[in-house]
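Residues per chain are reported as follows:
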Amino acid sequence: MFKYSLPAAVLATAVLFAQSTVAQEAASMPQQSAAMAASAPRDPALKPVFTEFGGKQGLMSLMDDFMDNLVADPRTRPYFENADREHIKAELVDQFCVILDGPCTYTGKSMASAHRNLGINRAGFNALVEDLQKAMSKHDIPFRAQNKLLAKLAPMHSAVITKK
Amino acid sequence: MQTHRKSRTALLIGLAMAGGLSSAMASAADTGGSQFSNKLLLTGGVSQIEGSAGGGLTPWAVIGGYGTQDEIGGNAFYTRLNLPDYHLDDVGALVGFYNRVEVSFAQQRFNTEQVGGALGLGNGFTFTQNVIGVKVRLFGDVVLDQNSWMPQVSIGIQHKKNDQAAVLRFIGAKSDQGNDYYISATKLFLSQSLLVNATLRYTKANQIGILGFGGDKNNAYKPEFEGSVAYLLSRNWAIGAEYRQKPNNLGIAKEDNWYDAFVAWAPTKHVSLTLAYADLGNIVIKQKQRGMYASVQVAF
Ligand code: HEM
C-alpha cells in the first residue's frame, strides 16, 4: 500500500504547489508594477549573492565580458551588433543589481517591450544564458551563486521568447 | 579469474580515457558556439540502462539530445556494468525531436559468466534484450519553469524483446517480451542546483526483462517507483543517487530493488561520462551484486 502512496503523494504535492504559487503571484501584484517588477524582481534573500558577484563594480566588469561573448557568438551576434551595447550593459547592471538586492534602481523597459520586435527563439535564449555562464565563470563567481541569479532570469523567458 | 578482473579494470580505464580524449577533441571544436545543440549542459540527463534519457537506472521527463523546439538532436551510448558474478554490455542511441518526442533503441547483453555454467546453460551464457522506447513530453520545462513548482512531465513506453524464450519459460517467466509504461516528473531547483526526478513505471519485467516478463508468483502489471536526485557541482559535473523499485514475479529467483550513486561529467555538449557504484541485490542464485557502472555518451 505504502509502495504506491509515496509516488502518488509526490506527484500530487508537486501539482498542488504549482497551482498555488501561480495563483498567489497573480493575486498579489497590481497590474502595472507587475510588469516592471517582473523585469527586476528584488529578492532580499540574494544579498549575499550580490557580494559574491563583487557588488556593482563586479557587475559592471561582468557585463563587459558578457557583451563581448554575445557579440562573438554567431547565435547572438545578429541581435547585438547594431544595438546600443553600452546602453544595454548599463541597464543589465541595474537590473541584476536590483535582483540581487543591491543599492540600485532599474529604470529600463519591461522585458516584454524591450524584446517584443526581436523575434528571439528558445535557442537564442539558451545561447545568451550560456554566454552569461561563461562570463560568470571567467569572473570566478561561484556556481551556486550563478544559479541563484539564473533562477531569477529564467522565468523572463515568456516575455523574451516571442518566436516559437 | 584474476586475469578476468584485470581485463575489466583495463576496460573501465580505457573507457574513461576514450571519453576524456573525445571530449578534448570536442571542446576544441566547441569554442565557436555550436549551431545545432542549444540546450543547456547536463540538463538533458544521460542514457539510462534501457536507452531513454535519464539517470543511469531510471528515465527522466527530459527529451534527450541537446535540441530545442526547432531542432533535432541525438546521441549514442555504451554502458558497461561489472558485477561480482555477471556483467552487462549495453549499447544504444536516441533521437529527440523538437524537445517533444524521444525515440530510443538499446541492446543489452547480460553475460552470466560462471553462473551460466552452474545452472547448466554453459559458462558465459548471455541473454540479449532489445529495447525500443518512445517518450513524449506532456508539459513543463525543466530549465525555464523556475517561478513555479511545476515539473516537466513526460510519459513513455519501452518495448522489450528477449532472445532466450526457452530458458525464460523454464525459469517460470510467462513471456519473452513486454512493454513498460511510465510517467516521469523532473524538476530542476536551479537556485539550489538540485535536480529531482520521480518516475512511476507499470511493468511485468523480471530484472528489467533480462529474466523475461511475468512469472509463477505474479503475472499482472504493477506500479513501481523510481527516483533520482542530482546535485550540480558545476556546469560540467553532477553527483547523485538513484533508486529503482522492482517487481518480484519469479518463485525461483528473488529480485531486489536497485540503488546507485553516480558522478557524471560533461566536459562539452558532445560527450558525457558517467561512473556509478550500483547495488543490484540478488540476481538469480547470487547475492549482493554490487559493482561499477561506466557509461560514455556521445552527442551528434
Ligand atoms: C533573461 C534573459 C534576458 C534578460 C534579463 C535581458 C535583459 C535586457 C535588458 C535589461 C535590456 C535593456 C532594456 C532597455 O533598453 O531598457 C535588454 C535589451 C535587449 N536585449 Fe535582452 N535580455 C534577455 C534576453 C535576451 C536575448 C535572449 C536576446 C537575444 C538573443 C536579447 C537581446 C536584446 C537586445 C537586442 C536588446 C536591445 C533592444 C533595443 O535596442 O531596444 N535579450 N535586454
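Fair warning: this is a prediction, and the values are worked out from it, not measured in the lab.

Colleague: Where do I start with the state of the cysteines in this structure?
Modeller: Defined simply, a disulfide is a covalent bond joining two cysteines at their sulfur atoms. All names here are of chain A. Counting across every chain of the model gives 1 disulfide over all chains. Across the disulfide from cysteine 97 sits cysteine 104; the S-S distance is 1.9 Å. Its S-S torsion of approximately 70° makes the covalent link between cysteine 97 and cysteine 104 right-handed. Like cysteine 104, cysteine 97 is buried.

Colleague: It is not clear to me how the packing of helix H4 (residues 55-72) of chain A against helix H8 (residues 122-138) of chain A should be interpreted in this structure. Could you clarify?
Modeller: Axes are the key here: two packed helices are described by the angle between their axes and the distance separating the axes. Residues and elements named next belong to chain A. Orientation of H4 relative to H8, taken along the N-to-C sense of each, is 140°, at an axis distance of 9 Å. By the criterion of interaxial angle, the relationship of H4 to H8 is oblique. When the axes of H4 and H8 are compared, the crossing they make is right-handed. Within the contact between the two elements, H4 uses Leu62, Asp65, Phe66, Asn69 and Leu70 and H8 uses Leu128, Asp131, Leu132, Lys134, Ala135, Met136 and Lys138. Of the residues belonging to the contact of H4 with H8, the class tally is 7 nonpolar, 1 polar and 4 charged.

Colleague: I keep staring at helix H6 (residues 85-99) of chain A and nothing clicks. Help me out?
Modeller: Along an α-helix, a turn takes 3.6 residues, which lines up residues three or four apart on a common side. Taking 1.5 Å per residue, 15 residues should reach 21 Å; H6(A) reaches 21 Å between its end C-alpha atoms and fits that length. Just downstream of H6(A), A:Asp101 is the residue with a positive phi angle, here 60°.

Colleague: Could you clarify how one ought to interpret the environment of B:Asn249 in this entry?
Modeller: Residues and elements named next belong to chain B. Of note, asparagine 249 is situated in the loop between strand E11 (237-244) and strand E12 (258-268). When the C-alpha atoms of asparagine 249 and alanine 205 are compared, they prove to be 8.4 Å apart, with 44 residues separating the residues in sequence. Not counting residues within four places of it along the chain, the set of residues in contact with asparagine 249 comprises Lys204, Asn206, Gly214, Gly215, Asp216, Lys217 and Asn218. One polar contact links asparagine 249 to asparagine 218, side chain to side chain, over a distance of 2.9 Å.

Colleague: Mind showing me how you'd approach the coordination of the iron atom of the ligand here?
Modeller: Ideal coordination angles are 109.5 degrees for a metal with four donors arranged tetrahedrally and 90 or 180 degrees for a metal with six donors arranged octahedrally. For the iron atom of the ligand, the sole protein-derived donor is A:His115 (NE2), lying 2.0 Å away. Take A:His115: it is sitting in helix H7 (residues 111-115).

Colleague: Mind showing me how you'd approach the layout of surface pockets here?
Modeller: Picture a little ball the size of a water molecule; that probe, rolled over the atoms, points out where space is still empty. Residue and element names in this part refer to chain A. Taken as a whole, the second largest pocket spans an internal volume of roughly 730 Å³. Taken together, 30 residues form the lining of the second largest pocket, with Phe80, Ile88, Leu92, Met111 and His115 sitting closest to its centre. When residues of the lining of the second largest pocket are traced back to their parent elements, those giving at least two are H4, helix H5 (77-80), H6, H7, H8 and helix H9 (143-153). The greatest single-element share of the lining of the second largest pocket, amounting to 6 residues, is contributed by H6. Class assignment for the residues of the lining of the second largest pocket results in 21 nonpolar, 6 polar and 3 charged.

Colleague: Got a minute to help me understand the packing of aromatic side chains in this structure?
Modeller: Geometry of an aromatic ring pair is reported as the spacing of the ring centres plus the angle between the planes. Residues and elements named next belong to chain B. Going through the model one piece at a time under the given rule, you end up with 7 aromatic pairs over all chains. Ring geometry for phenylalanine 125 versus phenylalanine 127: centroids 5.1 Å apart, planes at 85°, classification edge-to-face. Phenylalanine 127 matches phenylalanine 125 in its accessibility class, with the two residues each being buried.

Colleague: Any chance you could explain the pairing of E11(B) here in plain terms?
Modeller: One face of the sheet, then the other: side chains in a regular strand alternate in exactly this way. Residue and element names in this part refer to chain B. Residues of E11 alternate between two faces, with Ala238, Gly240, Glu242 and Arg244 buried on one and Trp237, Ile239, Ala241 and Tyr243 left unburied on the opposite face. The pairing of strand E10 (residues 222-232) with E11 spans 7 bridges and is classified as antiparallel. Following the sheet pairing, glycine 227 is matched in E11 by tyrosine 243. Taking the residues between adjacent antiparallel strands as the criterion, E10 and E11 are bridged by 4 residues. Two strands pair when backbone bridges link them, and E11 and E12 are joined in this way by 8 bridges, in the antiparallel orientation. Looking at E12, one finds that arginine 244 is bridged to tryptophan 258.

About the thresholds
- Residues take numbers from 1 onward in each chain, read along the sequence in its written order.
- Chains and ligands are labelled sequentially in the order written, the chains with letters from A and the ligands with numbers from 1.
- In keeping with the model being predicted, local features are shown solely for residues with a pLDDT of at least 70 and side-chain atom pairs are shown and tallied solely at 80 or more, while totals for entire chains, interfaces and linings include all residues.
- Side-chain numbers here rest on the full set of heavy atoms in the structure, without hydrogens or water.
- Whenever a pair of cysteine sulfur atoms sits within 2.5 Å, that pair is classed as a disulfide.
- Only protein chains enter the calculation, and the probe is 1.4 Å; a residue is then buried if its accessible area is under 20% of its type maximum, exposed if over 50%, and partly exposed in between.
- The axes used here are C-alpha line fits, helices contributing only the stretch in contact, and every angle between their N-to-C directions lies in the interval 0 to 180 degrees.
- Strands are runs of DSSP state E lasting at least two residues, helices are runs of H or I lasting at least four, and both sets are numbered from the N terminus onward.
- The scheme is simple: roughly parallel for angles under 35 degrees, roughly antiparallel for over 145, roughly perpendicular for 65 to 115, oblique for anything else.
- Left-handed describes a crossing whose near helix is turned anticlockwise from the far helix through less than a right angle; right-handed describes the clockwise counterpart.
- Note on contacts: a residue pair is in contact if any heavy atoms of the two residues lie within 4.5 Å.
- Here the nonpolar group is Ala, Val, Leu, Ile, Met, Phe, Trp, Tyr, Cys and Pro; Asp, Glu, Lys and Arg are the charged ones; every other residue, Gly included, is treated as polar.
- By definition here, a helix of n residues has an expected span of 1.5 Å times n minus one.
- Definition of a polar contact: a pair of N or O atoms within 3.5 Å, with one able to donate and the other able to accept a hydrogen when the atoms are protein atoms, and with sequence-neighbouring residues admitted only if both atoms are side-chain atoms.
- For Na, K and Ca the donor cut-off is 3.2 Å, and for all other metals it is 2.8 Å, counting N, O and S atoms only; because water is absent from this set, sites may look incomplete.
- Put simply, the grid is 1 Å and covers the protein atoms alone, a cavity is a trapped set of points that fit a 1.4 Å probe, a pocket is an open set with protein on both sides within 12 Å along at least five of seven lines, and lining residues have an atom within 4 Å of a point.
- Grid points are joined across faces, edges and corners, and a volume is the space filled by probe spheres set on the points.
- Between the rings of Phe, Tyr and Trp (Trp by its six-membered ring), a pair exists once the centres lie within 6.5 Å; its type follows the angle of the planes, with under 30 degrees stacked, over 60 edge-to-face, and the other angles tilted.
- Only when DSSP finds a minimum of two bridges between them are two strands counted as paired.

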